[in-house]
Amino acid sequence: MTRARKVIGAGLAIAVVMTAGSSLALAQAKKKKSKCKDGETTEIASYDLSKGENLDFQIAKPLNGKPGDAKTGLKWMVHRRLGNCIACHEVSKILAKAKPSDLNSLKKYGFHGKIAPTLDGVASRYTEGELRLIVVNPKKAFPDVNTIMPSFHSASDFHAVIGDCKDHAILSADRVEDVVAYLKTLKE
Ligand code: HEC
């Protein structure tokens, strides 16, 4: 190979490396952009508060105008990036799905926190509209306790949200309704 060809060859190799490098950077940028890809949304549904039976307030009507799906609701409740309700709450019906012999079922349905009340029988303690308010905005549902439960359908009720997830609600209106549908199955 002549010296000139060698130089061109090396130049090409550098160009290839640079292209690969910049597409890697692009992929990383894309990955970074999608931190909220699980569906956290900036669309916050508007809703009316009315008087509750057990709490001062409730949200009587579904946020999206239609009832949710309980089976899908269970998915959000155990989803470690979304609802993750079991990080704080114990639910016997969910815990029963965690089989010690099956690591995947353990990871998905096991390891419940105990710093919040159990959700067993919660549908007997609250109306559907109250359950909806508790998920959407627990601060409004329990105004006296300065609760640590996150507001799952609010874009402004947080203190230290990481970059891209600013102004995002944790659960979309549809997902809130799915969770409410699941909570309604937890009767005494
Ligand atoms: C960071 C912890 C935490 C997470 C996560 C959490 N909660 Fe809570 N939740 C609480 C606490 C604490 C209370 C009790 C209110 C209080 O005293 O602060 C509560 C209360 C409730 C209640 C009322 C229970 C009762 O018997 O009075 C319901 C229903 C509820 N949460 C549902 C949920 C659902 C559904 C999710 C997931 C989408 C969830 N919570 C996620 C901490 C949490």
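The preceding data block contains the structure.
All of these numbers come straight from a predicted model, not from anything done at the bench.

Chemist: For this particular structure, what's the right way to read the site of the ligand?
Modeler: With respect to spatial proximity, 24 residues lie near the ligand, and among them G83, C85, C88, A116 and T147 are the closest. Among the elements of the structure, α5 (122–125), α6 (128–136) and α8 (173–183) are those that each provide at least two residues to the shell around the ligand. Tallying contributions element by element places α6 first for the shell around the ligand, with three residues. Residue classes in the shell around the ligand are distributed as 19 nonpolar, four polar and one charged.

Chemist: Please explain the packing of helix α2 (residues 70–78) against α8 as it appears in this structure.
Modeler: How two helices sit against one another is set out by the angle between their axes and by the gap between those axes. As a packed pair, α2 and α8 sit with axes 7 Å apart at the nearest point and diverge in direction by 105°. For the element pair α2 / α8, the angle class is roughly perpendicular. For the pair α2 and α8, contact is made by A70, T72, G73, L74, W76 and M77 and by R175, D178, V179, A181 and Y182, respectively.

Chemist: Mind showing me how you'd approach α2 here?
Modeler: Residues that lie three or four places apart on an α-helix share one face, since the helix turns once every 3.6 residues. Among all positions of α2, only G73, L74, W76, M77 and V78 are buried. Those residues of α2 hidden inside the fold are in contact with α3 (92–95), α4 (103–109) and α8.

Chemist: Just checking my understanding: could you explain the nonpolar core for this structure?
Modeler: Side chains of a nonpolar character, in soluble globular proteins, are inclined to be buried together. Ranked by size, the top nonpolar core spans 32 residues in total, and within it M77, V135, V176, V179 and L183 carry the most contacts. Tallying contributions element by element places α8 first for this core, with seven residues. For M77, the contacting residues outside a window of four places in its chain are G83, C85, I86, V179 and Y182.

Analysis parameters
Residues numbered from 1 in each chain as written. Predicted model: local features only at pLDDT ≥ 70, side-chain atom pairs only at ≥ 80, totals over all residues. Near = placed C-beta within 6 Å. Helix = DSSP H or I, 4+ residues; strand = E, 2+ residues; numbered from the N terminus. Nonpolar A, V, L, I, M, F, W, Y, C, P; charged D, E, K, R; others polar. Axes fitted to C-alpha atoms, helices over the stretch in contact; angles between N-to-C directions. Parallel < 35°, antiparallel > 145°, perpendicular 65-115°, else oblique. Contact = placed C-beta atoms within 7 Å. Buried ≥ 20, exposed ≤ 12 C-beta atoms within 10 Å, placed from the backbone. Core = buried A, V, L, I, M, F, W, Y, C linked by C-beta atoms within 7 Å.

These values are about where atoms sit, not about what they do.
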